[in-house]
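Working through the structure, step by step
Listed here are the chains, written in short residue letters.
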Amino acid sequence: MSLRRSLAAVALATSLAAPAIAQDDTRLEALLARMTLDEKIGQLNLAAFSPLFERGDLEKGRIGAVLAVTKPGEIVDLQNAARRSRYGVPVLVGLDVVHGLRTIFPIGMAEAGSFDPELAKATARAAGREAAAIGINWTFAPMADLARDPRWGRMIEGFGEDPFLGRLFTRARVEGFHEAGLATSLKHFAGYGSALGGRDYDAGAIAPGDLYDSYLPPFRAGIQAGSESVMSAFLSLNGLPVSANPAMLTGILRQQWSYDGFVVSDWNSVGELLEHGVAADSAEATRKAILAGIDMDMYSGLYATHLAAEVEAGRVPEARVTEAARRVLRAKLRMGLFERPDPDTSRTDPAPPSPEARELARRAAQDSSVLLRNDGILPLPHGRRIAVIGELGASQRNLVGPHAAMVQFGDGAAILDGLRRSGQATVSYAQGCDVLCESDAGFAAAIQAAREADVVVAVLGESNEMSGEAASRARLTLPGRQGELLERLVETGKPVVLVILAGRPIELGPVVDRLGAVLMAWFPGTEGGNAIADLLLGDADPSAKLPVSWPRTIGQIPLTYDQAPTGRPHDPKNHYTLRYVDEEITPLFPFGFGKTYTQFALSETEVPQRRLTPADTLEIRATLRNTGSRPGREVVQLYVRQLHASRSRPARQLKAFEKVALAPGGASRLSLRVPVAELGFHLDDGSYVVEPGRYQVFVGTASDASLAGEFEVSR
Ligand code: BGC
């Protein structure tokens, strides 16, 4: 669509939507005007049914939202009870639908590696449809937090280390869920992934400029895509728990971004203000949370207990409560909740994965697995004897990863099953050891199986429980004695293909150089077993890239590709420059890296216009050729660095990319474009500047892309 036409379409959509918004506003204000203080507070309670709330509270209008109720019959009962309340306001029914409901798709971070936001939109839509079918109308997703520390187990839920990728994928996920009728909640606002030492729930520290430049843009993109809510983070950031921080919850969200959705706390994060040491009692925690900007209280019940008294004592203005209720009701009206039909109650569980969902899940897993190394062993020629080693190779359960909503393990197939079902190989299996791998008792049988095969597929890594919430790791190595097992397999002299299942990069050590191939499968989901078999056997081609930098060792963390330059960049000939005395300074695999089964070459790179103003668009042209003998897809990536500015700018930042499919011998002339307005940065007060000066542009197929040229921005 041309720009002119797309603008016309937006104008048309806006004019059609305007009367509906006005109608909703009138209805909203009429409703609010009739509500008592208690009824308004009722809208602010997100209840888990525990001693804190009972179902009878719905009819009394004391509950605005519920979570973790998943039986359609129960959901209809809850909605009917809410309809019997004075104004019949329906409830939001929330669940963590993060990367699937019953059909589980690859974890979010893996999908980010596809560099294909449309794919992430499609999987969110499919997950959302399964959820909507049972009556869920609100997902606690997407997670817009950057993942910059692989010790932090929750990195799996987000979209990797890069703010640009984070923006695109957060937006795509919000849109996908919306198309399925689910409201979204961008979490965890903000900086949750900065927890010190990667320890989930610990405090974090982020410099203001970095907060605006790196951590906030994915949230802003999700808000621009219309997310109905934002969830506040658990952590204390720069000395103040975010759930009590007015500068973040009101200053940034409301004053700077004019956000009109609602802010929900994380689970009991209002109650946790006591532990954080910023509230002497739960009444003060309530007061601080609502005054900071938390509209809805998840789980703690403190708004239900204290808010009315706080208002009556004059410590919380009633107008603040009214505004919070307005935001919640506005979301309910906008999403059409009052008119929404009930789910079909003839089923008690979500339906099994449909053929379409399975096909999408298989494609998503193929497109999210990253080929990190290949000495030519992959794809495996058909008819080989393959020894699959490792408990994870035979596990369906550990393909789905954490936060797998309503997964049913019988729905999937293990990698071993996928290889066997292909009918293209003779497949044997030996466990070697289980995931924790505390004993070497099974090593001998595994080595024997390896010796009898043509090739070993070692499926090693983490179980579901080793990442996700509250699953930080202090080591990044393969758990237990798995590393030893891998060494022993390599020593047989048989080619070893390592397939890694894990929620984070794994420290591989020197053995990596002796492996025939390494395929990072993350947690690939319900269809992961089939998809990995497809990739190993060449029935699908790998095309994913790393959404995070892959460290050589844990001591290198934090390690991201967009770090600030130093006064002493690494120089192997000069000791007094950036270095470790006992390790290389570079990652093992850089952000954006991933191999294919063919070869690509980039050439004829040009920067046609080298003098630009902030109103212009930077364009880079390059030709991509498939010089190999198989079809494949490559992600051409464009990075920019501003050479001189009023503060140090990152050594490079991803600003554009294009994923291109080419047949052998095929070529494509690409034009990558970046509005110069995207090249600026934030000052500490949140203001955004694009400074004139010299910039470098790098084009390649990973973040170590080579210099393509320079350009100058003037006012
Ligand atoms: C998590 C949130 C989640 C919530 C509800 C919390 O522990 O931090 O991400 O949405 O629980 O399940």
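For clarity, every value in this text was computed on a predicted model and none was experimentally measured.

**Quick look at the site of the ligand**
Around the ligand, a shell composed of Leu67, Asp96, Phe140, Arg154, Lys187, His188, Met231, Phe234, Asp266, Trp267, Met298 and Glu469 is seen. A distance of 2.9 Å separates an oxygen atom of the ligand from a polar side-chain atom of Glu469. Partitioning the shell around the ligand into residue classes produces 6 nonpolar, 1 polar and 5 charged.

**Thoughts on the layout of surface pockets**
Reported here for the largest pocket is a volume of approximately 880 Å³. Thr560, Tyr561, Gln563, Leu578 and Ala651 are the residues nearest the centre of the largest pocket, which is lined by 27 residues in total.

**Quick notes on unusual backbone geometry**
With omega at 0°, the peptide bond leading from Ala141 into Pro142 counts as cis. Topologically, Pro142 is positioned in the loop between β4 (138-139) and α7 (163-179). Going from Phe189 to Ala190, the amide bond is cis rather than trans, its omega being -15°. One can find Ala190 in the loop between β5 (185-189) and α8 (208-215). Within the chain, Ala68 stands out as a residue other than glycine whose phi angle is a positive 60°. On the accessibility criterion, Ala68 (57% relative accessible area) is exposed. Backbone geometry at Ser258 places phi at a positive 50°, although glycine is not the residue there. Counting through the fold element by element, Ser258 comes out in the loop between α10 (246-256) and β9 (262-264).

**Some words on the pairing of strand β16 (residues 517-520)**
Residue alternation in β16 divides its side chains into two sets, Ala517 and Leu519 and Val518 and Met520, and both sets are buried. Sheet analysis places strand β11 (residues 370-374) next to β16, joined by 4 bridges and oriented antiparallel. The residue of β16 that forms the bridge with Asn374 is Ala517. Relative to β16, strand β15 (residues 496-501) is paired through 4 bridges, and the arrangement is parallel.

**What about the packing of aromatic side chains?**
Overall, the coordinates contain 17 aromatic pairs when judged by the stated rule. Both rings, one in Trp267 and one in Tyr299, keep their centres 4.2 Å apart while their planes meet at 10°; by these two values the pair is stacked. Here Trp267, found in the loop between β9 and α11 (273-276), pairs with Tyr299, found in the loop between β10 (297-298) and α13 (302-312); they are 32 residues apart in sequence, far enough to count as distant. Note on Trp267: relative accessible area 36%, which makes it partly exposed. Judged by its relative accessible area of 24%, Tyr299 falls in the partly exposed class. Linked through ring pairs, Phe115, Phe164, Tyr561, Phe591, Tyr639 and Phe657 together constitute an aromatic cluster.

**Looking at the domain arrangement of the chain**
Annotation of the chain at the domain level lists domain 1 (24-335), domain 2 (363-554) and domain 3 (600-713). One C-alpha centre belongs to domain 1, the other to domain 2; they are set 36 Å apart. Contacts between the two partners involve 41 residues from domain 1 and, on the opposite side, 38 residues from domain 2. Summing both partners gives a buried area of about 2,900 Å² for domain 1 against domain 2, and 60% of it is carried by carbon and sulfur. Broken down residue by residue, the surface that domain 1 buries against domain 2 is led by Arg102, Ile104 and Arg151, which jointly contribute 20%. At the boundary of domain 1 with domain 2, the tally comes to 2 salt bridges.

**Observations regarding the state of the cysteines**
Throughout the structure, instances matching the rule amount to 1 disulfide. The disulfide partner of Cys433 is Cys437, and the S-S distance across this bridge is 2.1 Å. Between Cys433 and Cys437 the sulfur-sulfur dihedral comes to about -95°; the bridge is accordingly left-handed. Accessibility expressed as a relative area gives 7% for Cys433, which makes it buried.

**Overview of the packing of helix α16 (residues 415-422) against helix α19 (residues 528-537)**
At a minimum axis distance of 7 Å, the contact between α16 and α19 shows a crossing angle of 55°. What the angle tells us is that α16 and α19 run oblique. Judged by the twist between their axes, the crossing of α16 over α19 is right-handed. The segment α16 lies against α19, with Ile415, Gly418, Leu419, Arg421 and Ser422 engaging Gly529, Asn530, Ile532, Ala533, Leu536 and Leu537. Of the residues that constitute the contact of α16 with α19, the class distribution is 6 nonpolar, 4 polar and 1 charged.

**So, the nonpolar core**
Residues Trp138 and Phe189 are the most contacted members of the largest nonpolar core, which totals 121 residues. The element contributing the most residues to this core is helix α14 (residues 318-334), with 7 residues. When residues of this core are sorted by domain, at least three fall in each of domain 1 (24-335) and domain 2 (363-554). Residues within four places of Phe189 in sequence aside, it is in contact with Leu216, Phe219, Val230, Met231, Ser232, Ala233, Val242, Met248, Leu249, Ile252, Leu253 and Trp257.

**A closer look at the confidence of the model for the chain**
Looking at the chain, the pLDDT average stands at 95 and 97% of residues meet or exceed 70. Low pLDDT, under 50, characterises residues 1-17; the stretch is placed with 1 contact to residues that sit more than four places away or in other chains.

**Looking at the sheet that holds strand β2 (residues 65-67)**
Strand order across the open sheet formed by 5 strands is β4-β3-β2-β1-β10, with parallel pairing between neighbours. Every interior strand has two partners, whereas the edge strands, β4 and β10, have only one. Relative to β4, strand β3 (residues 92-95) runs parallel, the two being bridged by 2 bridges. By the bridge assignment, Leu95 is partnered in β4 with Thr139.

**Here we look at the packing of helix α12 (residues 282-292) against α13**
Helix packing geometry: the angle between the two helix axes and the distance between the axes. Where α12 contacts α13, the axes come no closer than 9 Å and their chain directions differ by 85°. By the angle between their directions, the pair α12 and α13 is classed as roughly perpendicular. On the side of α12, the interface is formed by Ser282, Ala283, Ala285, Thr286, Arg287, Ala289 and Ile290, while α13 contributes Leu302, Tyr303, His306, Leu307 and Glu310. Taken together, the residues that form the contact of α12 with α13 break down as 7 nonpolar, 3 polar and 2 charged.

**Concerning the environment of Ser282**
Tracing the backbone shows Ser282 in helix α12. Among the polar contacts made by the side chain of Ser282, one reaches the side chain of His306 at a distance of 3.1 Å.

**Points about the side chain of Ser227**
By the secondary structure assignment, Ser227 is in the loop between α9 (217-224) and β6 (229-232). At 2.8 Å, the side chain of Ser227 and the side chain of Thr184 are in polar contact. Aside from chain neighbours lying at most four places away, what touches Ser227 is Val174, His178, Thr184, Ser185, Leu186, Gly222 and Tyr259.

**A few points about the sheet that holds β5**
Spatially, the 3 strands line up as an open sheet ordered β5-β6-β9, and their pairing is parallel. Among the strands making up the open sheet, the edge pair consists of β5 and β9. Within this sheet the neighbouring strands show an average axis-to-axis angle of 30°, counted without direction. Relative to β6, β5 is paired through 3 bridges, and the arrangement is parallel. The partner of Phe189 across the bridge, within β6, is Ser232.

What counts and what doesn't
- Residues numbered from 1 in each chain as written.
- Predicted model: local features only at pLDDT ≥ 70, side-chain atom pairs only at ≥ 80, totals over all residues.
- Heavy atoms only, no water.
- Near = heavy atom within 4 Å.
- Polar contact = N/O pair within 3.5 Å; in protein donor to acceptor, adjacent residues only side chain to side chain.
- Nonpolar A, V, L, I, M, F, W, Y, C, P; charged D, E, K, R; others polar.
- 1 Å grid on protein atoms, 1.4 Å probe; cavity = no way out; pocket = protein on both sides within 12 Å on 5 of 7 lines; lining within 4 Å.
- Points joined across faces, edges and corners; volume = space filled by probe spheres on them.
- Helix = DSSP H or I, 4+ residues; strand = E, 2+ residues; numbered from the N terminus.
- Buried < 20%, exposed > 50% of the residue type's maximum accessible area, 1.4 Å probe, protein only.
- Pairing = 2+ DSSP bridges.
- Phe/Tyr/Trp six-rings, centres within 6.5 Å; stacked < 30°, edge-to-face > 60°.
- Domains from an automatic or database assignment.
- Contact = heavy atoms within 4.5 Å.
- Buried area = accessible area lost by both parts, 1.4 Å probe.
- Salt bridge = Lys/Arg side-chain N within 4 Å of Asp/Glu carboxyl O.
- Disulfide = S-S within 2.5 Å.
- Axes fitted to C-alpha atoms, helices over the stretch in contact; angles between N-to-C directions.
- Parallel < 35°, antiparallel > 145°, perpendicular 65-115°, else oblique.
- Left-handed = near helix turned anticlockwise from the far one by under 90°.
- Core = buried A, V, L, I, M, F, W, Y, C linked by side-chain atoms within 4.5 Å.
- pLDDT = per-residue confidence, 0-100.

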